[in-house]
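Listed below are the residues making up each chain.
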Amino acid sequence: MTALPYFYPGARLFAAPIDLNGAGRYVHWGVVQLSVANLVIIGLMLVVFMAALLLPFPRGRGRR
Amino acid sequence: MSGMGGAGGGWTGAVRRRVVRALPPEKLLPDTQPAYMASWIYVFGVLTVAALIVVLLTGGVLALKGPAWWHVSGAGKYVNGLHLWSVELFMFFMVIHLWGKFFMAAWRGRRALTWVTGAVCFFTSIGAAFTGYLVQQNFDSQWIAGQAKDGLNSVGIGAFFNVLDFGQMLMWHIVLLPLVLGLLAIWHILLVRWRGIVPPIDAATIDPADATTREAAR
């Protein structure tokens with residue numbers, strides 16, 4: 001299977017929304033060093049966790 | 001020869017009776033659940049299991065084709081991508097499941113072993129993920145192995161767990177850790193079935209040993 005050329009119709013659509021070819025960005029907080037990517041994922045997990053607690057769960061037919 | 005419910009039958013009969021008593025079919029595969037389970041936070045356990053199944057299936061395909069396949073094949077890269085992203089989702093869902101169970105003190109009601117097996121699953125998964133990084137066969141894995149080698153040597157286990165030994169790390173990643181994780185996950189799920197889903201802290205206490213999930217739903 002041959003790989004798609006770097007530029008093909010719709011390439012921009014499927015490309016990563018940020019440039020992944022450079023060095024990663026890190027946040028420093030004392031001895032703690034965290035990549036921005038991991039920080040975003042931790043933030044997403046907190047958002048999903050809170051949403052799971054707060055959003056109403058759909059009630060199925062016949063459920064009490 | 002005794003029937004299914006009778007005594008006798010040697011050790012196999014004794015084990016069967018004990019298993020059926022602990023996990024009768026309606027408890028092993030329940031068709032109703034307690035009303036308090038109607039919350040999104042209870043969904044993350046099964047999402048974790050679903051992601052783990054995809055991790056194991058895609059890992060199985062990668063094992064069949066060999067560790068270098070994804071470097072030389074578009075299909076290999078795709079399956080490797082599925083493996084990576086199912087692991088990302090597995091960890092994502094597992095951490096939310098862990099937070100949910102921690103804040104509802106899910107070890108209540110004789111569920112300590114359920115909590116402990118889940119915690120050990122979590123730590124085993126971290127080991128499986130780290131050995132996965134080591135068998136990518138690229139500069140990333142070389143860098144990680146070089147850093148991990150110093151850390152492990154400093155605590156004196158580098159001679160037994162040599163992160164620079166690709167073969168050893170591949171075996172840990174595709175045999176030992178998946179085997180341990182798979183068995184622990186099955187044990188964890190059976191314990192959840194046996195003891196039942198933990199009720200919210202302010203809910204009426206239901207003795208899991210006496211109540212099937214069907215009864216608890218009433």
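Residues numbered from 1 in each chain as written. Chains lettered and ligands numbered in written order. Predicted model: local features only at pLDDT ≥ 70, side-chain atom pairs only at ≥ 80, totals over all residues. Heavy atoms only, no water.

Stated precisely, the cut-off is as follows: UniProt positions are given in the numbering used here, feature names are shortened, and annotations may be inferred rather than shown by experiment.
Per an unreviewed UniProt entry, chain B is named Cytochrome bc1 complex cytochrome b subunit, and its organism is Streptomyces guryensis. The record in UniProt for chain B states the following under Cofactor (unreviewed entry): "heme".

Quick word on the overall build of chain B
The condition is simple: The way it works is that DSSP assigns letters per residue, a run of H or I at least four long becomes a helix, a run of E at least two long becomes a strand, and they are numbered from the N terminus. Classification of residues uses two cut-offs on accessible area relative to the type maximum, computed with a 1.4 Å probe and protein chains only: under 20% is buried, over 50% is exposed, and between them is partly exposed. Contact between two residues is taken to exist if any of their heavy atoms lie within 4.5 Å; hydrogens are not considered. Only the protein chains shown count as cover for residues, and the accessible areas themselves come from Shrake-Rupley with a 1.4 Å probe.
Tallying secondary structure elements over chain B gives nine helices and zero strands in all. Within chain B, the proportion of its 218 residues that are buried is 34%. Looking at chain B alone, contacts between residues at least 24 apart form 71% of all its contacts between residues at least 6 apart. Carbon and sulfur atoms provide 72% of the accessible area of chain B, an area that totals close to 12900 Å².

A closer look at the packing of helix 5 (residues 74-103) of chain B against helix 6 (residues 112-134) of chain B
Residues and elements named next belong to chain B. Threshold: To get an axis, a line is fitted to the C-alpha atoms, and for a helix only the part in contact is used. The angle between two axes follows their N-to-C directions and goes from 0 to 180 degrees. For this classification, under 35 degrees means roughly parallel, over 145 means roughly antiparallel, 65 to 115 means roughly perpendicular, and everything else is oblique. Each crossing is labelled by how the near helix is turned from the far one, with a counterclockwise turn of less than a right angle marking it left-handed and a clockwise turn marking it right-handed. Following the grouping adopted for this structure description, the nonpolar residues are Ala, Val, Leu, Ile, Met, Phe, Trp, Tyr, Cys and Pro, the charged ones are Asp, Glu, Lys and Arg, and the polar ones are all others, Gly among them.
Between helix 5 and helix 6, the least distance of the axes is 11 Å, while the angle of their chain directions is 155 degrees. Judged by the inter-axis angle, helix 5 sits roughly antiparallel to helix 6. Regarding helix 5 and helix 6, the two cross each other, and that crossing is left-handed. The segment helix 5 lies against helix 6, with F90, M91, M94, V95, L98, K101 and F102 engaging W115, F122, S125, I126 and A129. Among the residues making up the contact of helix 5 with helix 6, the classes are represented as 10 nonpolar, one polar and one charged.

Thoughts on the nonpolar core
Using the following cut-off: Nonpolar cores were defined as sets of buried Ala, Val, Leu, Ile, Met, Phe, Trp, Tyr and Cys residues, with membership established by side-chain atoms within 4.5 Å. The domain limits used here are those given by an automatic or database domain assignment.
Counting 24 residues, the largest nonpolar core has B:I41, B:F44, B:F90, B:I96 and B:M104 as its most contacted members. Only helix 2 (36-54) of chain A together with helix 3 (44-65), helix 5, helix 6 and helix 8 (166-195) of chain B provide two or more residues apiece to this core. Looking at this core element by element, the count peaks at six residues for helix 5 of chain B. When residues of this core are sorted by domain, at least three fall in each of domain 1 (37-97) and domain 2 (105-195) of chain B. Ignoring any residue separated from it by four or fewer positions in sequence, one finds B:F90 in contact with B:T48, B:A51, B:L52, B:V55, B:S125 and B:L181. If you look at the next biggest cluster of nonpolar residues, it comprises seven residues, including B:L134, B:L152, B:M169 and B:L170.

Details of the UniProt feature "transmembrane region" (unreviewed entry) in chain B
Residues and elements named next belong to chain B. Feature annotation in UniProt places "transmembrane region" (unreviewed entry) on residues 40-62, 82-100, 112-135 and 170-191, given in this structure's numbering. The straight-line gap between the two end C-alpha atoms of residues 82-100 is 27 Å; of that span, 100% is helix and 0% is strand. Within the segment residues 112-135, helix and strand shares are 96% and 0% respectively, and the terminal C-alpha atoms sit 35 Å apart.

Thoughts on the interface of chain B and chain A
Rule in force here: The term buried area refers to how much accessible surface (probe radius 1.4 Å) is lost by two components on association, counted for both of them together. Any carboxyl oxygen of Asp or Glu within 4 Å of a side-chain nitrogen of Lys or Arg constitutes a salt bridge here.
With 16 residues of chain B at the interface, the matching set in chain A holds 15 residues. Interface of chain B and chain A: buried area, both sides summed, is about 1400 Å²; carbon and sulfur atoms make up 79% of it. Broken down residue by residue, the surface that chain B buries against chain A is led by B:W40, B:F92 and B:W99, which jointly contribute 42%. Across the contact surface, chain B and chain A share zero salt bridges. Looking at the side of chain B that touches chain A element by element, the count peaks at nine residues for helix 5 of chain B.

Quick look at the side chain of B:R111
Put simply, the rule is: Pairs of N or O atoms within 3.5 Å make up the polar contacts considered here, provided that, within protein, one atom can donate a hydrogen while the other can accept it, and that residues adjacent in sequence are counted only when both atoms are side-chain atoms.
With respect to the element layout, B:R111 can be found in the loop between helix 5 and helix 6. In this structure the side chain of B:R111 is engaged in a polar contact, spanning 3.1 Å, whose partner is the backbone oxygen of B:R195.

Some words on helix 5 of chain B
Three or four residues apart is the spacing at which side chains of an α-helix point the same way, because the helix has 3.6 residues per turn. All names here are of chain B. What counts, and what does not: Multiplying one less than the number of residues by 1.5 Å gives the expected span of a helix.
In this model helix 5 runs 44 Å from its N-terminal to its C-terminal C-alpha over 30 residues, within 8% of the 44 Å that 1.5 Å per residue would give. Two to three positions downstream of the cap, the backbone nitrogen of A75 sits 3.2 Å from a side-chain oxygen, assigning the N-cap of helix 5 to S73. One or two positions beyond helix 5, positive phi appears at A105, with a value near 45 degrees.

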